[in-house]
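Residue-level structure breakdown
Listed below are the residues making up each chain.
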Amino acid sequence: MLDRLQALADRYEKLSELLCDPDVVNDSKRLREYSKEQSDLQPAFEAYTEYKTVTEELDAAKVMQGEKLDDDMREMVKMEIDELSARQTELDERIRVLLLPKDPNDDKNVIIEIRGAAGGDEAALFASDLYRMYTRYADNQGWRVELMDANTSDLGGFKEVIFMINGRGAYSKMKYESGAHRVQRIPATESGGRIHTSTSTVAVMPEVEDFDIEIHDKDIRVDTFCSSGAGGQSVNTTKSAVRVTHIPTGIVATCQDGKSQNSNKDKALQVLRARIFDMKRQEEEAKYAGERKSKVGTGDRSERIRTYNFPQSRVTDHRIGLTLHKLDQVMNGEIEEIISALNIAEQADIMEKGE
């Protein structure tokens, strides 16, 4: 581990030199690549730097402990050794986590699709609740939300809503939300006061650059149609909505939120690339599902991951057995505690498997 850390530290310092090189400064692409690489290495570099300092101080304190000291000084040295040993252990654990394999998509923006599933209108209403929860969470993180497409129900819920969250590290946190979300509550339409169970599905996909998934014009069919729903005077009068079909895979993406046809086509292509990338990623992971599946799941939208029980104000994440009795706060976007617990569980799982 120490050899890996030293190599990492050497690379970090080399990057500092490169970022001062006039040739790099004048090359925006290299400057961006080197800056990102150094930023990714910085947490491990800083932890390793402190680890070396603490180790040196601990070794010096142990040498001093072997010398002739009065009782007061001996006690002070013992306290210092205890403190330094504890800090060394903390840093060792932190460094091991920082050296774990990192998902290459973690820093990317995300495209999220929420669909009402089992439960009709109530499922659509819950889908709108999830959308609100995620947009509130994104606001808390300082991220920007961009609505891409929405299909509303008669009661104001979402049969389907697609949106993008722009913010560094968005995928590293939001990726745990893929799956089936179950709600247990008395629907507004229920006159008898009976608790119903409904589900909505969430799919979280990293934003994909053009060069990651190349789509050729000959492989797509573009259809235009009039927008439906809220959107101003252009609704149902101009063909601004766009549907893009990827002929080789049959994957379809639609966007009607923008006012112009070009804007909607660009957004639809963003969604299309993300869906194609996600399909290929899941196919690849399926090959290793038996031995590599994490405790926090595969990200398959059919997998039930969480239950929101309104009568008991309870939220339970079934993947790690976490239950919180603060449903109101969670539905208001306070989901960091759940996401952090899932992240820790995944890290522990990777460390246990020695990956």
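Up top is the structure.
These lines cover the structure that appears in this document, whether it is placed above or below. (Residues numbered from 1 in each chain as written. Predicted model: local features only at pLDDT ≥ 70, side-chain atom pairs only at ≥ 80, totals over all residues. Heavy atoms only, no water.)

A short note on the nonpolar core
Side chains of nonpolar character tend, in soluble globular proteins, to be buried together. One finds Ile112, Ile114, Tyr134, Ile165, Met174 and Tyr308 to be the most contacted residues of the largest nonpolar core, which totals 33 residues. Elements that contribute at least two residues to this core include exactly β1 (110–116), α5 (121–141), β3 (158–166), α6 (170–174), β5 (196–206), α9 (327–331) and α10 (336–353). Sorting elements by how many residues they give to this core places α5 first, with 8 residues. When neighbours within four sequence positions are excluded, isoleucine 114 is seen to be in contact with Ala127, Leu130, Tyr131, Tyr134, Lys159, Glu160, Val161, Phe163, Thr201 and Val202. (Core = buried A, V, L, I, M, F, W, Y, C linked by side-chain atoms within 4.5 Å. Buried < 20%, exposed > 50% of the residue type's maximum accessible area, 1.4 Å probe, protein only. Helix = DSSP H or I, 4+ residues; strand = E, 2+ residues; numbered from the N terminus. Contact = heavy atoms within 4.5 Å.)

Observations concerning the sheet that holds β5
The strand order across the open sheet built from 8 strands is β2-β3-β1-β5-β4-β9-β10-β11, with neighbouring strands paired in mixed fashion. At either end of the open sheet lies a strand with only one pairing partner, and these are β2 (144–152) and β11 (322–324). Averaged over all adjacent pairs, the angle separating strand axes in this sheet is 15°, with direction ignored. Here strand β9 (residues 304–309) runs beside strand β10 (residues 314–317); their pairing, made up of 4 bridges, is antiparallel. When the bridges of β10 are listed, tyrosine 308 appears paired with valine 315. (Pairing = 2+ DSSP bridges. Axes fitted to C-alpha atoms, helices over the stretch in contact; angles between N-to-C directions.)

A few points about the packing of aromatic side chains
Scanning all chains against the criterion turns up 5 aromatic pairs. With 4.9 Å between their ring centres and 80° between their planes, tyrosine 131 and phenylalanine 163 make a pair best called edge-to-face. In this pair, tyrosine 131 is assigned in helix α5 and phenylalanine 163 in strand β3, connecting sequence segments 32 residues apart. Residue classification places phenylalanine 163 among the buried positions, given a relative accessible area of 0%. Through a chain of ring-to-ring contacts, three or more aromatic side chains come together here, namely Tyr131, Phe158 and Phe163. Lysine 108 extends its terminal NZ or CZ atom over the ring of phenylalanine 277, reaching a point 5.5 Å from the ring centre. (Phe/Tyr/Trp six-rings, centres within 6.5 Å; stacked < 30°, edge-to-face > 60°. Lys NZ or Arg CZ within 6 Å of the ring centre and 35° of its normal.)

Observations regarding the side chain of glutamate 207
Tracing the chain through its elements places glutamate 207 in the loop between β5 and β6 (220–225). Buried and without a salt bridge, glutamate 207 has arginine 273 as its closest oppositely charged side chain, separated by 6.8 Å. One polar contact links glutamate 207 to asparagine 109, side chain to side chain, over a distance of 2.8 Å. Within polar-contact distance, the side chain of glutamate 207 engages the side chain of glutamine 270 at 3.1 Å. Every residue in contact with glutamate 207, bar those within four places of it in the chain, is listed here: Lys108, Asn109, Val110, Met164 and Gln270. (Lys, Arg positive; Asp, Glu negative; His and termini not counted. Salt bridge = Lys/Arg side-chain N within 4 Å of Asp/Glu carboxyl O. Polar contact = N/O pair within 3.5 Å; in protein donor to acceptor, adjacent residues only side chain to side chain.)

Some details on the pattern of salt bridges
Inspection of the entire model under this criterion finds 25 salt bridges. Among the ionic pairs, glutamate 160 bridges to arginine 115, the shortest N-O distance being 2.6 Å. Of this pair, glutamate 160 sits in strand β3 while arginine 115 sits in strand β1, and the two are 45 residues apart along the sequence. Between arginine 306 and glutamate 177 there is a salt bridge; the shortest N-O distance is 2.7 Å. A residue pair is termed long-range when its members are at least 10 positions apart, and arginine 306 in strand β9 and glutamate 177 in the loop between α6 and β4 (179–185) qualify at 129 residues. Assessed through its relative accessible area of 0%, glutamate 177 is described here as buried. Here the salt bridges do not stand alone but share partners, grouping Lys36, Asp40, Asp107 and Arg168 into one network.

Some thoughts on the pairing of β2
A regular strand carries its side chains on alternate faces of the sheet. The pairing of β2 with β3 spans 8 bridges and is antiparallel. Residue asparagine 151 lies in a different strand from β3, and its bridge partner there is glutamate 160. The turn joining β2 and β3, which pair antiparallel and follow one another in sequence, is formed by 5 residues; a positive phi near 95° is taken by glycine 156.

Topic: helix α1 (residues 2–18)
Taking 1.5 Å of rise per residue, the 17 residues of α1 would be expected to cover 24 Å, and the 24 Å separating its terminal C-alpha atoms lies within 8% of that figure. Among all positions of α1, only Leu5, Leu8, Ala9, Tyr12, Leu15 and Leu18 are buried. On its buried face, α1 sits against α2 (22–25), α3 (28–65) and α4 (71–98). (Expected span 1.5 Å × (residues − 1).)

Focus: the sheet that holds strand β8 (residues 251–255)
As summarised here, the arrangement of the 3 strands in space is β6-β7-β8, forming an open sheet in which the pairing is antiparallel. Each of the sheet's edge strands pairs with one partner strand only, and the pair in question is β6 and β8. Between one strand and the next, the sheet's axes are offset by a mean angle of 15°, whatever the strand orientation. Sheet analysis places β6 next to strand β7 (residues 241–246), joined by 6 bridges and oriented antiparallel. Paired with arginine 221 across the two strands is threonine 245, which belongs to β7.

Quick word on the environment of phenylalanine 277
Tracing the sequence through the fold places phenylalanine 277 in helix α7 (residues 261–286). Its relative accessible area of 19% is what places phenylalanine 277 among the buried residues. Between the alpha carbons of phenylalanine 277 and valine 208 there is a distance of 7.3 Å; along the sequence they are 69 residues apart. Each residue touching phenylalanine 277, except ones within four places of it in the same chain, is listed here: Asn105, Pro206, Val208 and Ile213.

A closer look at the packing of α3 against α4
At a closest axis distance of 9 Å, the pairing of α3 and α4 adopts a crossing angle of 155°. In terms of orientation, α3 and α4 fall into the roughly antiparallel class. Here the hand of the crossing between α3 and α4 comes out left-handed. Classifying every residue of the contact of α3 with α4 by side-chain character gives 15 nonpolar, 4 polar and 8 charged. (Parallel < 35°, antiparallel > 145°, perpendicular 65-115°, else oblique. Left-handed = near helix turned anticlockwise from the far one by under 90°. Nonpolar A, V, L, I, M, F, W, Y, C, P; charged D, E, K, R; others polar.)

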